[in-house]
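# Reading the structure
Residues per chain are reported as follows:
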Amino acid sequence: MPKPGIHILNGHFLSLNDKAESTIFKNLLFKLLSKEVKLIDFENAIERIEKNDIPKHECLVAFTFDDGFEECYTKIKPVLDEHNIKAGFFINPNFINGDKSYQENFKNNIVYTYKSPMSWDQVKDLLKEGHIIGSHTMDHHNMNSNDKDFLDYQISESKLYLEEKLSYNCDYFAFPFGTLKHISQKGIDLAKQNYKYIFSQSNYKNYYSFGNKVINRRHFECDWPYKHVLYFLKSKQYG
Ligand SMILES: [Zn+2]
C-alpha cells in the first residue's frame with residue numbers, strides 16, 4: 001500500500017507508442033485511486049510541502065509534465081479534467097517557436113522523441129484552466145554551467161519571455177534532465193533569484209535538495225504499470 005506523504009510525479013508524454021490512447025493513463029489513475037491514493041492539484045501539493053503540512057494518514061499525488069509535447073494537451077489534459085485536477089507543465093519557448101530544423105534537432109538530439117510541441121494557444125488554454133505553466137529553460141540544455149550569459153538566457157530570459165507571452169507570473173522552474181548534476185550551484189542561485197520554486201527529477205526520497213532550494217519530483221510516465229508507480233509512493237523525508 002502507498003505510504004502517507006505528498007508525491008509529485010513527473011512525466012513527459014502519454015506513451016512512446018503513438019497508438020496508445022488516453023485510457024492507458026485513465027486506467028493508471030483508476031488503479032491508484034483504488035489503492036486509496038488521493039490526487040491533488042500541483043499548486044496545492046507545493047503549498048503543503050512548503051508549509052511542512054505533510055499528511056500522516058493520506059497518500060497525496062500531484063502531476064507535472066516536462067518538455068511541452070502536444071499530447072500533454074490532446075491526450076493527458078482530458079484525463080486530468082475528468083478528475084478535475086490541475087497539473088504543472090514545464091515548457092521550452094524555443095521548442096514551440098523553432099523552425100523545422102530547430103524542432104527536428106530538439107526532438108532527435110535533445111529529448112529523444114519524435115513528438116511535436118504544444119502550440120501557444122494550447123499553452124494559453126492550460127493556463128486559463130488553472131494549470132501551472134513553468135519554465136524548463138529556453139532550449140533544454142544542461143544547466144551545469146558557470147557561463148553567466150548562458151545561464152541568464154536560459155533561466156532568467158525564459159521567465160521574462162513566458163511572462164510577456166502569457167501575461168502572468170512565472171514562479172515555477174524545472175531544470176532539464178533533472179538529476180542533481182544537471183545544474184551548477186550558480187544555476188541554482190540564479191533560478192532562486194528568479195523563481196519561487198525550483199524542481200529536480202531526482203533524489204526522490206527527500207522532499208528537498210540543494211539545502212531546501214529545490215523540490216524533488218519522481219519520474220514516471222502515463223503508460224507505466226500501476227504497480228511500478230505504486231512502488232514509488234513510499235515514505236519521504238525532509239533534509
Ligand atoms: Zn525535459
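In what follows, the structure referred to is the one given above.
The notes below deal with the structure included here. Since the structure is predicted, the reported quantities are computational estimates derived from the model, not experimental observations.

## Details of the coordination of the zinc ion
When four donors bind a metal tetrahedrally, each ideal donor-metal-donor angle is 109.5 degrees, and when six bind octahedrally, the ideal angles are 90 or 180 degrees. Protein coordination of the zinc ion is provided by Asp 67 (OD), His 136 (NE2) and His 140 (NE2), with donor distances spanning 2.1 Å. Taking the relative accessible area as the measure of exposure, His 140 reaches 4% and is therefore buried.

## Some details on the packing of helix 6 (residues 120-128) against helix 7 (residues 148-166)
Interaxial distance between helix 6 and helix 7 falls to 11 Å at its minimum, and their mutual angle equals 80°. Regarding the angle of helix 6 to helix 7, the classification is roughly perpendicular. Counting all contacts with helix 6, which are made through Trp 120, Val 123, Lys 124 and Leu 127, the residues of helix 7 involved are Tyr 161, Leu 162, Lys 165 and Leu 166. Residues that form the contact of helix 6 with helix 7 fall into these classes: six nonpolar, no polar and two charged.

## Focus on the nonpolar core
Phe 25, Phe 63, Phe 65, Leu 80, Phe 220 and Leu 233 are the most contacted members of the largest nonpolar core, which has 52 residues in total. With five residues, the top contributor of residues to this core is helix 3 (residues 70-82). Membership of the second largest hydrophobic core comes to 19 residues, among which are Ala 45, Ile 46, Ile 54 and Ile 132.

## Points about the packing of helix 1 (residues 23-34) against helix 3
At their nearest, the axes of helix 1 and helix 3 sit 9 Å apart, and the two run at 35° to each other. Taken as a pair, helix 1 and helix 3 cross one another with a handedness that is right-handed. Of helix 3, the residues touching helix 1 (which contributes Phe 25, Lys 26 and Leu 29) are Ile 76, Val 79, Leu 80 and Glu 82. Residues that form the contact of helix 1 with helix 3 fall into these classes: five nonpolar, no polar and two charged.

## Comments concerning the packing of aromatic side chains
Considering all chains together, one arrives at 23 aromatic pairs under this definition. Above the face of the Phe 13 ring, Lys 115 is positioned so that its terminal group lies 5.6 Å from the ring centre. Its guanidinium or amino end placed over the ring of Phe 232, Arg 218 lies 3.5 Å from that ring's centre, counting from NZ or CZ.

## Digging into unusual backbone geometry
Most of the time, phi is negative for any residue but glycine, and the peptide bond is trans. Despite not being glycine, Glu 36 has its phi angle at roughly 70°, a positive value. Counting through the fold element by element, Glu 36 comes out in the loop between helix 1 and strand 2 (37-39). Despite not being glycine, Tyr 112 has its phi angle at roughly 55°, a positive value. Relative to the helices and strands, Tyr 112 resides in the loop between helix 5 (100-110) and helix 6.

## Description of helix 8 (residues 185-194)
Within the sequence span of helix 8, burial applies to Gly 187, Ile 188, Leu 190, Ala 191 and Asn 194. Looking straight down helix 8, one finds its buried side chains confined to an arc of 165°; they lie on one side. Where the residues of helix 8 are buried, they touch helix 7, strand 6 (172-174), strand 7 (197-199) and strand 9 (214-215).

## Details of the pattern of salt bridges
Pairing is possible between side chains of opposite charge, provided their charged atoms come close. All chains considered together, the criterion is met by 13 salt bridges. Notably, a salt bridge pairs Lys 38 with Glu 58, separated by 3.0 Å at the nearest N-O pair. Of the two residues, Lys 38 is situated in strand 2 and Glu 58 in the loop between helix 2 (42-50) and strand 3 (59-66); the sequence distance between them amounts to 20 residues. Residue Lys 38 is classed as partly exposed on the basis of its relative accessible area of 42%. Between Lys 148 and Asp 152 there is a salt bridge, with its nearest N and O atoms 2.8 Å apart. Taken together, the residues Lys 148 and Asp 152, both in helix 7 and four residues apart, mark about one turn of the helix. Among the residues examined, Lys 148 registers a relative accessible area of 53% and is labelled exposed. Sharing partners across several salt bridges, the network here consists of Asp 18, Glu 71 and Lys 115.

What counts as what
Residues numbered from 1 in each chain as written. Predicted model: local features only at pLDDT ≥ 70, side-chain atom pairs only at ≥ 80, totals over all residues. Heavy atoms only, no water. Donors = N, O, S within 2.8 Å, 3.2 Å for Na, K, Ca; no water. Buried < 20%, exposed > 50% of the residue type's maximum accessible area, 1.4 Å probe, protein only. Axes fitted to C-alpha atoms, helices over the stretch in contact; angles between N-to-C directions. Helix = DSSP H or I, 4+ residues; strand = E, 2+ residues; numbered from the N terminus. Parallel < 35°, antiparallel > 145°, perpendicular 65-115°, else oblique. Contact = heavy atoms within 4.5 Å. Nonpolar A, V, L, I, M, F, W, Y, C, P; charged D, E, K, R; others polar. Core = buried A, V, L, I, M, F, W, Y, C linked by side-chain atoms within 4.5 Å. Left-handed = near helix turned anticlockwise from the far one by under 90°. Phe/Tyr/Trp six-rings, centres within 6.5 Å; stacked < 30°, edge-to-face > 60°. Lys NZ or Arg CZ within 6 Å of the ring centre and 35° of its normal. Arc of directions from axis to C-beta. Salt bridge = Lys/Arg side-chain N within 4 Å of Asp/Glu carboxyl O.

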